[in-house]
Amino acid sequence: VQLQASGGGLVQAGGSLSLSCTASGDSYAGDVMGWYRQTPGNERELVATISNGRNTKYADSVKGRFDISRDNAKRTVYLQMNGLGPEDTALYLCIFRRAWVPEPDYWGRGTLVTVSS
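Summary of the structure given here. (Residues numbered from 1 in each chain as written. Predicted model: local features only at pLDDT ≥ 70, side-chain atom pairs only at ≥ 80, totals over all residues. Heavy atoms only, no water.)

## Concerning the state of the cysteines
Every disulfide links exactly two cysteines, by a covalent bond between their sulfur atoms. The final tally for this structure, using the stated rule, is 1 disulfide. Residue pairing for Cys21: its cysteine sulfur links by disulfide to Cys94, the two sulfurs lying 1.9 Å apart. Residues Cys21 and Cys94 are joined through a disulfide that is left-handed, its torsion about the S-S bond being -90°. Of this pair, Cys21 sits in strand 3 (residues 17-24) while Cys94 sits in strand 9 (residues 90-98), and the two are 73 residues apart along the sequence. (Disulfide = S-S within 2.5 Å. Helix = DSSP H or I, 4+ residues; strand = E, 2+ residues; numbered from the N terminus.)

Structure representation (structure tokens):
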């Protein structure tokens with residue numbers, strides 16, 4: 001599976017950004033796509049994921065501010081990020097995992113989100 005992400009960039013605190021990620025290659029009956037993020041010196045952390053059945057999971061820190069959705073026909077996942085703060089500054093990594101495995105199988109190259117205060 002290959003993942004192509006787009007979006008991100010620089011925004012002022014309180015602003016919004018959107019990310020998208022499209023999968024290509026092998027497909028599976030059940031899968032989960034979504035986003036992790038990473039900052040220098042820290043481990044990757046889950047931001048939000050969504051299954052092909054549209055079950056969602058969010059990090060507590062983004063609940064109520066971020067919204068994840070997907071278009072199964074396009075194999076694309078979207079992340080709408082609102083109310084951004086400097087703490088959201090990170091490299092956002094698109095992920096894909098088969099539904100029956102606990103951790104991501106595939107990682108995208110990442111897109112940088114920078115929030116200025």
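## Things to note about the pairing of strand 3
Relative to strand 3, strand 1 (residues 2-7) is paired through 6 bridges, and the arrangement is antiparallel. Bridged to Ala5 within strand 3 is Cys21. Across 6 bridges, the pairing between strand 3 and strand 8 (residues 76-81) is antiparallel. Directly across from Thr22, in strand 8, lies its bridge partner Thr76. (Pairing = 2+ DSSP bridges.)

## Side note on the side chain of Asp88
Residue placement: Asp88 occurs in the loop between strand 8 and strand 9. For Asp88, a relative accessible area of 0% translates into the label buried. (Buried < 20%, exposed > 50% of the residue type's maximum accessible area, 1.4 Å probe, protein only.)

## Notes on the pattern of salt bridges
Under the defined criterion, the tally for this structure stands at 6 salt bridges. One salt bridge in this structure joins Arg65 and Asp88, with 2.8 Å as the shortest N-O distance. One end of the pair, Arg65, is in the loop between strand 6 (56-58) and strand 7 (66-71); the other, Asp88, is in the loop between strand 8 and strand 9, and 23 residues separate them in sequence. With respect to burial, Arg65 and Asp88 carry one shared label: buried. Measuring nitrogen to oxygen at the nearest pair gives 2.9 Å for the salt bridge that ties Arg98 to Asp105. (Salt bridge = Lys/Arg side-chain N within 4 Å of Asp/Glu carboxyl O.)

No statement about biological role is implied by the geometric values presented.
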